[in-house]
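Here is how the chains run, residue by residue.
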Amino acid sequence: MTTRGEFVRDDVVEVRLEDMSPELRALIAYEPNGALDVEVPQTAIDEVRQTMPVVRWEMGVGFFGMDDIVAAGRNPDIGSVVMGMGSEDPLIPLQIDGDLHRHYRKLLDPLFAPKKMAALEPDIRKLADELIDGFVGDGHVELHDAFCVPLPSTIFLRIFGLPLEDAPFLISMKDRILKNEATTREEAEVIGQAAGRELREHLQTRLDERRVEGARHDDLLDQFMHFQVDGHGLDDREVVNIMQLFTIAGLDTVTSSLSCIVAWLATHPDVRRQVVAEPDRLPDAIEEIMRFESPVPSSGARTAIRDTEVNGVPIKQGEMVYLCWASANLDPATFDHPLEAHLDRVDNRHIAFAAGIHRCLGSHLARAELRAAVDQLHRRIPDYWVSEGDQIQYEFAGVRQALHLPLSFTAA
Amino acid sequence: MSMRVDIDTDRCNGHGRCYDVAPDLFDADDDGRGVVVRADVPPELVEQARRAEGGCPERAITVIDS
């Protein structure tokens with residue numbers, strides 16, 4: 001306590017970027033140094049949270065504990081910064097705040113509501129089957145590229161109403177925006193902005209084609225074109241903006257989650273056998289693996305749009321705020337034995353889909369995809385293991401994924 | 001002794017864990033936010049109630065034992 005009786009945190013560690021461990025820089029600065037490109041990054045991430053539950057560095061404040069992060073996620077003074085996604089306009093709805101943000105979420109949430117997403121299950125299973133048909137006879141597969149990339153991309157294009165042939169282009173633009181060859185943040189932003197422009201031009205072309213065609217379609221592009229709230233619709237710029245965010249948010253994230261889940265099941269055969277034998281335990285298993293792996297490890301840069309505080313930690317307007325979902329998901333204050341993944345964990349209040357007002361809009365879609373795709377994989381290929389003589393390669397960049405996932409199984 | 005469940009709608013951000021783990025007590029509205037469909041908790045649904053309370057990342061669910 002100060003002499004004025006204010007509550008003052010004693011666990012805020014001040015550190016300069018150059019003095020940070022590579023693991024901390026990989027997290028808070030998204031530095032692609034490879035420090036967390038390992039099978040079990042959880043130990044290092046937990047170590048960060050233990051030694052520095054709150055970090056103050058040149059750019060702002062980083063939070064690593066569950067309680068602080070949930071409080072920050074709920075705090076309306078902490079918004080988003082327009083950066084890192086290839087757009088000079090704030091991307092909707094992630095980089096919007098306040099009433100406007102609420103307005104957009106009110107429009108968009110119903111389109112991604114759980115019951116709507118559950119209706120996609122047969123399509124997801126069918127698509128999974130088609131992809132599996134492509135390798136089931138081989139006895140081995142590199143699953144990241146053969147399954148984890150195409151499945152969410154194809155579902156995404158279908159839901160949106162974009163032609164399948166757009167997949168390579170969208171993925172390539174998304175890659176250029178999120179992880180290009182630049183060595184500095186400024187350079188990365190320039191390359192990302194150029195890719196973003198190209199992406200928006202392409203999306204605008206698709207929008208124009210729809211207008212010329214004039215027919216209605218049962219997809220999101222159609223919904224966006226015909227939204228009406230208080231007599232107002234979305235203009236082209238807004239529609240293209242939303243589609244850009246969804247392109248970035250909807251591809252990498254499900255791909256990485258799918259790869260982490262299957263990689264984990266491949267390396268934990270006891271659990272895999274359990275969920276194959278009892279498929280109704282798969283949803284719980286997926287939640288626990290999502291908690292443990294946290295494929296989207298953090299919020300990226302957010303910003304204090306006003307002077308504010310989080311549980312006694314003061315933040316000045318304009319300071320960056322970093323929220324680490326991955327470390328919160330390993331917090332012993334929230335989870336018993338957090339460094340062990342338990343199929344039977346109850347009270348699994350993980351925040352792998354973020355917390356607070358920017359809770360992942362696509363979380364219900366992601367869950368529908370993950371559950372149906374993994375279950376269908378298990379129906380076709382119940383017994384798989386990491387190919388002998390090879391190993392899983394993990395990458396910890398904007399997302400954590402099993403980039404190289406070599407599996408063997410009994411050929412069908 | 002009776003047990004009831006409640007959702008704090010200000011805290012709810014539509015994670016959807018409550019209706020996932022306690023489908024006899026909660027359902028999703030059109031936005032994906034939780035709604036209580038059955039407030040009173042009979043003995044056979046106590047486990048669902050506890051799982052919903054413990055599973056909400058925003059701590060929006062309360063189980064009231066009176």
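Structural data are supplied above this passage.
Residues numbered from 1 in each chain as written. Chains lettered and ligands numbered in written order. Predicted model: local features only at pLDDT ≥ 70, side-chain atom pairs only at ≥ 80, totals over all residues. Heavy atoms only, no water.

Chemist: Got a minute to help me understand the overall build of chain B in this structure?
Modeler: Secondary structure summary: chain B contains two helices and four strands in total. Taking 66 residues into account, the globule formula puts the C-alpha radius of gyration at 11 Å, and chain B, at 11 Å, falls close to it. Considering only C-alpha atoms, chain B reaches an extent of 35 × 20 × 15 Å along its principal axes. A buried classification covers 50% of the 66 residues belonging to chain B. Considering only contacts within chain B whose residues lie at least 6 apart along the sequence, 56% involve residues at least 24 apart. By element, 45% of the accessible surface of chain B is carried by carbon and sulfur atoms, the whole surface being about 3200 Å². With 8 positive and 15 negative side-chain charges, chain B shows a spacing of 5 Å between the two charge centroids. (Helix = DSSP H or I, 4+ residues; strand = E, 2+ residues; numbered from the N terminus. Rg over C-alpha atoms; globule rule 2.2 N^0.38 Å. Buried < 20%, exposed > 50% of the residue type's maximum accessible area, 1.4 Å probe, protein only. Contact = heavy atoms within 4.5 Å. Areas by Shrake-Rupley, 256 points an atom, 1.4 Å probe, with all protein chains shown as cover. Lys, Arg positive; Asp, Glu negative; His and termini not counted. Charge placed at Lys NZ, Arg CZ, Asp CG, Glu CD.)

Chemist: Looking at this model, I keep getting lost on the sheet that holds strand β13 (residues 406-409) of chain A. Mind explaining?
Modeler: Strand pairs in the sheet, formed through backbone hydrogen bonds, run parallel or antiparallel to each other. Residues and elements named next belong to chain A. Read across the sheet, three strands follow the order β5-β13-β10 without closing on themselves; strand pairing throughout is antiparallel. The open sheet has two free edges, formed respectively by β5 (140-142) and β10 (384-386), since each of these has just one partner strand. Going across the sheet, the axis of each strand differs from the next one's by a mean of 30°, ignoring polarity. In terms of strand pairing, β10 meets β13 through three bridges, oriented antiparallel. By the bridge assignment, Val 386 is partnered in β13 with Leu 407. Sheet strands touched by helix α12 (residues 236-267): β10 and β13. Its angle to β10, the strand with the most contacts, is close to 90°. (Pairing = 2+ DSSP bridges. Axes fitted to C-alpha atoms, helices over the stretch in contact; angles between N-to-C directions.)

Chemist: For this particular structure, what's the right way to read the interface of chain A and chain B?
Modeler: Interface size, as often reported, equals the accessible area lost upon joining of the parts. Opposite the 25 residues of chain A that make contact, chain B presents 23 residues. When the two sides are added together, the surface that chain A and chain B hide from each other amounts to roughly 2000 Å², 37% of it contributed by carbon and sulfur. Its largest share of buried area at the contact with chain B, chain A owes to Arg 74, Arg 349 and Arg 359 of chain A, together 30% of the area lost on that side. For the interface between chain A and chain B, the tally reads six salt bridges. (Buried area = accessible area lost by both parts, 1.4 Å probe. Salt bridge = Lys/Arg side-chain N within 4 Å of Asp/Glu carboxyl O.)

Chemist: Please explain the pattern of salt bridges as it appears in this structure.
Modeler: If the charged atoms of two oppositely charged side chains come close together, the side chains can form a pair. Residue and element names in this part refer to chain A. The tally for this structure, following the rule as stated, stands at 44 salt bridges over all chains. Taking the shortest distance from any N to any O, the salt bridge between Asp 129 and Arg 380 comes out at 2.8 Å. In this pair, Asp 129 is assigned in helix α6 (residues 121-133) and Arg 380 in helix α16 (residues 363-380), connecting sequence segments 251 residues apart.

Chemist: Help me understand the packing of aromatic side chains in this model?
Modeler: Residue and element names in this part refer to chain A. This structure, assessed with the given rule, holds eight aromatic pairs over all chains. Between Phe 64 and Tyr 322 the ring centres are 5.8 Å apart and the planes differ by 45°, which places this aromatic pair in the tilted class. One end of the pair, Phe 64, is in the loop between β3 (60-63) and α3 (66-74); the other, Tyr 322, is in strand β9 (residues 320-323), with 258 residues separating them in the sequence. Here Phe 64 matches Tyr 322 in class, with each residue buried. Centroid distance Phe 156 to Phe 160: 4.6 Å. Interplanar angle 35°. Geometry classified as tilted. On the criterion of helical spacing, the pair formed by Phe 156 and Phe 160 is a turn pair, its members being four residues apart in helix α8 (residues 150-160). Over the ring of Tyr 384 we find Arg 272, and its NZ or CZ is 5.0 Å from the ring centre. (Phe/Tyr/Trp six-rings, centres within 6.5 Å; stacked < 30°, edge-to-face > 60°. Lys NZ or Arg CZ within 6 Å of the ring centre and 35° of its normal.)

Chemist: I would appreciate a short explanation of α16 of chain A in the present structure.
Modeler: For an α-helix the count is 3.6 residues per turn, leaving residues at separations of three or four pointing the same way. With 18 residues, α16 of chain A should cover 26 Å at 1.5 Å per step; its first-to-last C-alpha distance of 26 Å lies within 8% of that length. Of all 18 residues that make up α16 of chain A, 15 are buried, and the element is covered over most of its length. (Expected span 1.5 Å × (residues − 1).)

Chemist: Would you explain the environment of Thr 247 of chain A in this entry?
Modeler: Residues and elements named next belong to chain A. Among the secondary structure elements, Thr 247 is positioned in helix α12. Taking the C-alpha atoms as reference points, Thr 247 and Leu 157, 90 residues apart in sequence, are found 9.2 Å from one another. Setting aside residues no more than four positions away along its own chain, Thr 247 makes contact with Phe 156, Leu 170, Lys 174 and Leu 199.

Chemist: Explain the packing of helix α14 (residues 282-293) of chain A against α16 of chain A here, please?
Modeler: How two helices pack is summed up by the angle between their axes together with the distance between the axes. Residues and elements named next belong to chain A. At their nearest, the axes of α14 and α16 sit 10 Å apart, and the two run at 115° to each other. The crossing of α14 and α16 is right-handed. Every residue of α16 that contacts α14 at Leu 282, Pro 283, Ile 286, Glu 287 and Met 290 is listed here: Arg 367, Leu 370, Arg 371, Val 374, Asp 375 and His 378. In terms of residue class, the contact of α14 with α16 is built from six nonpolar, one polar and four charged. (Left-handed = near helix turned anticlockwise from the far one by under 90°. Nonpolar A, V, L, I, M, F, W, Y, C, P; charged D, E, K, R; others polar.)

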